[in-house]
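Here is how the chains run, residue by residue.
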Amino acid sequence: MKQNITSLIKDILEACKRTYDRGYVASNDGNISARIDSKSVLITPTGMSKGFLKASDLIIVDMDGKLIKGSKKPSSETFMHLQIYKSRPDVNSVCHSHPPYATGFAVAGIPLNKMVLPEVIIALGTVPLVKYGTTGTDELYGSIAEYIKDFDAFLLANHGALTVGNSVINAYHKMETLEHAAKIQFIAKQLGQVKTLNKKQTDQLINLRQKFGVRLDLGLKKTKLSNGGK
Ligand SMILES: [Zn+2]
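Okay, so let's go over this structure.

Rules used throughout
Residues numbered from 1 in each chain as written. Predicted model: local features only at pLDDT ≥ 70, side-chain atom pairs only at ≥ 80, totals over all residues. Heavy atoms only, no water. Helix = DSSP H or I, 4+ residues; strand = E, 2+ residues; numbered from the N terminus. Rg over C-alpha atoms; globule rule 2.2 N^0.38 Å. Contact = heavy atoms within 4.5 Å. Areas by Shrake-Rupley, 256 points an atom, 1.4 Å probe, with all protein chains shown as cover. Lys, Arg positive; Asp, Glu negative; His and termini not counted. Charge placed at Lys NZ, Arg CZ, Asp CG, Glu CD. Donors = N, O, S within 2.8 Å, 3.2 Å for Na, K, Ca; no water. Pairing = 2+ DSSP bridges. Axes fitted to C-alpha atoms, helices over the stretch in contact; angles between N-to-C directions. Buried < 20%, exposed > 50% of the residue type's maximum accessible area, 1.4 Å probe, protein only.

**Remarks on the overall build of the protein chain**
Part 1 of the reasoning: A tally of helices and strands in the protein chain yields eight helices and eight strands.
Part 2 of the reasoning: Expected size for 230 residues packed as a compact globule is a radius of gyration near 17 Å; at 17 Å, the protein chain falls within 12% of this value.
Part 3 of the reasoning: If you line up the protein chain on its principal axes, its C-alpha atoms span 50 × 35 × 30 Å.
Part 4 of the reasoning: Of all intrachain contacts in the protein chain linking residues separated by at least 6 positions in sequence, the fraction that spans at least 24 positions is 65%.
Part 5 of the reasoning: As displayed, the protein chain has an accessible area near 11,200 Å², and 55% of this comes from carbon and sulfur atoms.
Part 6 of the reasoning: Counting 31 positive and 20 negative side-chain charges, the protein chain places the centres of these two groups 3 Å from one another.

Set out below in structure tokens:
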């Protein structure tokens, strides 16, 4: 289905502004995209701050990354975005940024694989730590490929975070949920301990997913820890 481009542009600019205003990126970091239809994707440009983007700065590329419309150069992570759309037909938006708490866990090599907070369990399940891959190369997607079918939020080792969703706002909200979860776990750890919910409590939350239209098996697959995670 073809999405309304004007409303996609509005949503991307809003998500970019919130990403920048909340300190999820520094300088020109981060990128956000949205699927327009089966053949094209709207994406942020490379080398521009997400806090000050205008509608005319956004770019349309085809599924091979070839420029369809726009005067700027597309994000250096365009390949990663396109690969995600190819492997997840249900995904209509991809958000990538470097929020400090989530990225802190990604740098420490610690995945968010504990069942701690109800909203996070419902919306994301667990968040795997994806092996390091050089920015702007196929390597980065290569590490995500292993997890993309089963998760909507990812920690990218020594780099940042990535979320996907069925709309721009949905993908962006998952980034907020991820960062908030990481911040709370960090604080709980400073206070002495991170207590987890038990299996019965977790199952009850997973059952609530039906009410919110969240896939029942999302973020529940057991993951291998990478990059020295513990
Ligand atoms: Zn990045």
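**Quick word on the coordination of the zinc ion**
Part 1 of the reasoning: Distances from the zinc ion to its protein donors, His 96 (NE2), His 98 (NE2) and His 159 (NE2), fall at 2.0 to 2.1 Å.
Part 2 of the reasoning: One chain supplies every donor to the zinc ion, and in sequence these donors are spaced H-x1-H-x60-H. Linking His 98 in the loop between β5 (93-97) and α3 (100-108) with His 159 in the loop between β7 (153-156) and β8 (160-165), this pair joins segments that are 61 residues apart in sequence.

**As for the sheet that holds β5**
Part 1 of the reasoning: Read across the sheet, eight strands follow the order β4-β3-β2-β1-β5-β8-β7-β6 without closing on themselves; strand pairing throughout is mixed. Strands with a single pairing partner mark the edges of an open sheet, and in this sheet they are β4 (67-69) and β6 (129-130).
Part 2 of the reasoning: Bridge count for strand β3 (residues 59-62) against β4 is two bridges, and the pairing is antiparallel. Across the sheet, residue Ile 60 finds its bridge partner in β4, namely Lys 69.
Part 3 of the reasoning: Packing of helix α1 (residues 5-21) onto the sheet brings it into contact with β1 (31-35), β2 (40-43), β3 and β5, and relative to β1 it is tilted by some 160°.

**Digging into helix α2 (residues 78-87)**
Part 1 of the reasoning: A large share of α2 lies buried, amounting to seven of its 10 residues.
Part 2 of the reasoning: Lining the buried residues of α2 we find β1, β2, β3, β5, α5 (138-145) and β8.

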